[in-house]
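Each chain, letter by letter, is given below.
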Amino acid sequence: MSKRMPATRALSLCIVAAACSTALQAQNVKPPKAQLWIDVSTGSMAGMPEMDMPAGVGGMGGMGGMLGGMMGGGGRGGAPTAYGLARGMNVMPPRVLDIAFYNSLKPGAEAQQLIPPGMRMGESLPLLPPRREAAAPAGEREPGEVPPDVERPRGRILIYWGCGETVRAGQPRVIDLASSSPSEFATAFAGRHAPDRGARIGANHVLYPNERNTVVLARESSLAGEHRIQGAGVPASMKFTLGEAQDVMPAIRLQSRGTLRDSIALSWSPVPQARAYYLHAMSGRGNDMVMWSSAETPDTGMGLFDYLPNATIEKWTREHVLLGAQATNCAVPRGIFAAAPGAREDATPMLRMMAYGGESNFAHPPRPADPKATWEPEWAVRVRVKSHTMAMLGQEPAERNGARQPAPASEAEAQAPAPVVEQPQPQPRLPTPGAILRGILGR
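Summarised in this report is the structure supplied together with it. (Residues numbered from 1 in each chain as written. Predicted model: local features only at pLDDT ≥ 70, side-chain atom pairs only at ≥ 80, totals over all residues. Heavy atoms only, no water.)

## Observations regarding the pattern of salt bridges
Close approach of charged atoms lets side chains of opposite charge pair.
Turning to step 1, where the next piece is worked out: Applying the stated criterion across every chain yields a total of 14 salt bridges.
Turning to step 2, where the next piece is worked out: A salt bridge links Arg 168 to Glu 296, with the nearest nitrogen and oxygen atoms 2.5 Å apart. Within this pair, whereas Arg 168 is found in the loop between strand S5 (156–161) and strand S6 (173–176), its partner Glu 296 is found in the loop between strand S13 (288–293) and helix H4 (310–318), the two being separated by 128 residues in sequence.
Turning to step 3, where the next piece is worked out: We classify Glu 296 as partly exposed; its relative accessible area is 36%. (Salt bridge = Lys/Arg side-chain N within 4 Å of Asp/Glu carboxyl O. Helix = DSSP H or I, 4+ residues; strand = E, 2+ residues; numbered from the N terminus. Buried < 20%, exposed > 50% of the residue type's maximum accessible area, 1.4 Å probe, protein only.)

## A look at the packing of aromatic side chains
Turning to step 1, where the next piece is worked out: Counted under the stated rule, the structure contains four aromatic pairs.
Turning to step 2, where the next piece is worked out: For the ring pair Phe 240 and Phe 362, a centre distance of 6.3 Å and an interplane angle of 25 degrees mean the geometry is stacked. Taken together, the positions of Phe 240 in strand S9 (residues 239–242) and Phe 362 in strand S16 (residues 350–364) put the pair 122 residues apart, joining distant regions of the chain.
Turning to step 3, where the next piece is worked out: Since its relative accessible area comes to 5%, Phe 240 is described here as buried.
Turning to step 4, where the next piece is worked out: Judged by relative accessible area, Phe 362 falls into the partly exposed class, the value being 23%.
Turning to step 5, where the next piece is worked out: Between Phe 240 and Trp 379 the ring centres are 6.2 Å apart and the planes differ by 45 degrees, which places this aromatic pair in the tilted class. Taken as a pair, Phe 240 in strand S9 and Trp 379 in strand S17 (residues 379–392) lie far apart in primary sequence, 139 residues in all. Each member of the pair, Phe 240 together with Trp 379, is buried.
Turning to step 6, where the next piece is worked out: Taken together, the ring pairs connect Phe 240, Phe 362 and Trp 379 into an aromatic cluster.
Turning to step 7, where the next piece is worked out: Here the basic side chain of Arg 352 rests over the ring of Phe 305, its NZ or CZ set 3.8 Å away from the ring centre.
Turning to step 8, where the next piece is worked out: Looking at Lys 386, its charged tip hangs above the ring of Tyr 307, at a distance of 5.2 Å from the centre. (Phe/Tyr/Trp six-rings, centres within 6.5 Å; stacked < 30°, edge-to-face > 60°. Lys NZ or Arg CZ within 6 Å of the ring centre and 35° of its normal.)

## Observations regarding the state of the cysteines
Turning to step 1, where the next piece is worked out: In this structure the tally under the stated criterion is one disulfide.
Turning to step 2, where the next piece is worked out: In this model Cys 163 forms its disulfide with Cys 330; the gap between the sulfur atoms is 1.9 Å. Across the disulfide from Cys 163 to Cys 330, rotation about the S-S bond amounts to roughly -100 degrees, and the bridge is consequently left-handed. Here Cys 330 lies in strand S15 (residues 329–332) and Cys 163 lies in the loop between S5 and S6, a separation of 167 residues in the sequence.
Turning to step 3, where the next piece is worked out: Among the residues examined, Cys 163 registers a relative accessible area of 25% and is labelled partly exposed.
Turning to step 4, where the next piece is worked out: For Cys 330, a relative accessible area of 4% puts it in the buried group. (Disulfide = S-S within 2.5 Å.)

## Considering the environment of Ile 175
Turning to step 1, where the next piece is worked out: Among the structural elements, Ile 175 can be located in strand S6.
Turning to step 2, where the next piece is worked out: Residues Ile 175 and Met 289 lie 114 residues apart in sequence; the distance between their C-alpha atoms is 9.8 Å.

## Description of the pairing of strand S10 (residues 254–257)
Turning to step 1, where the next piece is worked out: Only one face of S10 is buried: it carries Leu 254 and Ser 256, and the other face, with Gln 255 and Arg 257, is open.
Turning to step 2, where the next piece is worked out: Pairing analysis gives four bridges linking S10 to strand S11 (residues 264–268), with the strands arranged antiparallel. When the bridges of S11 are listed, Arg 257 appears paired with Ala 265. (Pairing = 2+ DSSP bridges.)

## Describing the side chain of Ser 222
Turning to step 1, where the next piece is worked out: For Ser 222, the position within the fold is in the loop between strand S7 (205–208) and strand S8 (225–231).
Turning to step 2, where the next piece is worked out: Ignoring sequence-local partners within four residues, the contact set of Ser 222 consists of Gly 118, Met 119 and Asp 247. (Contact = heavy atoms within 4.5 Å.)

## Let's talk about the nonpolar core
Turning to step 1, where the next piece is worked out: In this structure, Leu 97, Phe 101, Trp 268 and Trp 292 are the most contacted members of the largest nonpolar core, which totals 55 residues.
Turning to step 2, where the next piece is worked out: Sorting elements by how many residues they give to this core places S17 first, with five residues.
Turning to step 3, where the next piece is worked out: Core analysis: the second largest hydrophobic core is formed by 19 residues, Ala 194, Ile 313, Val 321 and Met 392 among them. (Core = buried A, V, L, I, M, F, W, Y, C linked by side-chain atoms within 4.5 Å.)

## Brief notes about H4
Turning to step 1, where the next piece is worked out: All buried positions along H4 are accounted for by Thr 312, Ile 313 and Trp 316. End-on view of H4: buried residues confined to an arc of 100 degrees, all on one side of the axis. In H4, the exposed positions that point more than 90 degrees away from the buried face belong to Ala 311 and Arg 318.
Turning to step 2, where the next piece is worked out: Following H4 by one or two positions, His 320 adopts a phi angle in the positive range, close to 65 degrees. (Arc of directions from axis to C-beta.)

## Focus: the environment of Trp 268
Turning to step 1, where the next piece is worked out: Along the chain, Trp 268 turns up in strand S11.
Turning to step 2, where the next piece is worked out: In sequence terms Trp 268 and Gln 255 are 13 residues apart; their C-alpha atoms lie 6.2 Å from each other.
Turning to step 3, where the next piece is worked out: When near neighbours in sequence (up to four residues on either side) are disregarded, Trp 268 contacts Ile 252, Arg 253, Leu 254, Tyr 277, Leu 279, Leu 323, Ala 327, Thr 328, Asn 329, Cys 330 and Met 353.
Turning to step 4, where the next piece is worked out: Of note is the side chain of Trp 268, whose polar atom sits 3.0 Å from the backbone oxygen of Ala 327. (Polar contact = N/O pair within 3.5 Å; in protein donor to acceptor, adjacent residues only side chain to side chain.)

## Some thoughts on the sheet that holds S9
Turning to step 1, where the next piece is worked out: Strand order in the open sheet formed by four strands is S4-S3-S8-S9, with antiparallel pairing between adjacent strands. Each having just a single partner strand, strand S4 (124–127) and S9 make up the two edges of the open sheet. Adjacent strand axes in the sheet meet at a mean angle of 20 degrees, parallel and antiparallel pairs treated alike.
Turning to step 2, where the next piece is worked out: Relative to S4, strand S3 (residues 111–114) runs antiparallel, the two being bridged by four bridges. Bridge pairing in S4 links Gln 113 to Leu 125. (Axes fitted to C-alpha atoms, helices over the stretch in contact; angles between N-to-C directions.)

## So, the sheet that holds S10
The strands making up a sheet associate through hydrogen bonds between their backbones, and the pairing can be parallel or antiparallel.
Turning to step 1, where the next piece is worked out: Overall, antiparallel pairing links the three strands, which are arranged S10-S11-S15 in an open sheet. The strands lining the two open edges of the sheet, one partner per strand, are S10 and S15. On average, each strand axis in the sheet is tilted by 20 degrees relative to the strand beside it, whichever way the strands run.

Structure, rendered in structure tokens:
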């Protein structure tokens, strides 16, 4: 007499059989013959007016070059002359456009991208092979990678996390650099980050910007409209239309209130297209580095300042690593950046904020509905957008400290914009993980 199979075992066999059947029927997907990557980034300094670069040109003379050097800009007049700046925290120029194109039918051949009038960058953008020194942006490393020339670090990293006026129980998380092995330190410092989905640039790619054209996006520029790629071997069908989801994101309007010995209140207006937000601040305190983030997880957060896939944004928002799109405020816990006992003065923490706009993908022809049919697109396009800002915490505007503007002499003056009051401030420069280690912890 046969024995009856237990129900749980029968169910397991059914699940395995179904999985095998699905695997056998998986669609055969081949890489596209031509692939285009477009990265768009908007940067700003909180509390500072934007300095426009003249439309249709790549520079602002000596002032633009000086600001570009201090704030992450590229070459002439602060305009980027090499591909790759959109992945960083560039604020001069405020808007960065990176384009990379790979055509397997004619690798490395010059091409051009016909663009809509709303971009205000002319009728087309040239796509050229990278110069040897521009093939890989200098100094670019994976999140948490320790530069080889860093001395044995000393001191500690103190990590605080979460929005709130007071320090939570169990904080800070302490990473003792002197007692950590190189691998332990690298793992701790890297933290959470998503795999890179950008173009892996090589000699067979063609890029914008380049030495022939460094035109930058103006404040009113829009990518919305039809784009077309032309050139030797480029599929004749390679045209696509971008909309609001792929357009240049507005600057983040961030405000802060409070001294370093208080809880610092941060607030911002909702950013159109933003799917999630992330805030992170750091400062030196003696031999220690103090870090804080808006996440609900004890992480250095250094790997989150990049484009993120949509699925990752959704997952990390559910896990409270990122703030949701509806968030408009956060608070830095009281006193975490105050000077150590005996120090003459407080350091000035640098805060960075990200608004993730997401990723869009286009392909032609569309994926076949029949799972047995082979899909080999003629071309594919990936567009990523983000906006970011930086702020120096603990430095409040003069009117918050009791100073008053003089009364206007006339009704016309009363309706005119208030004059910008110049105040000496430290020149901001975004610290990279390598620079932090060399300048503060490595010495």
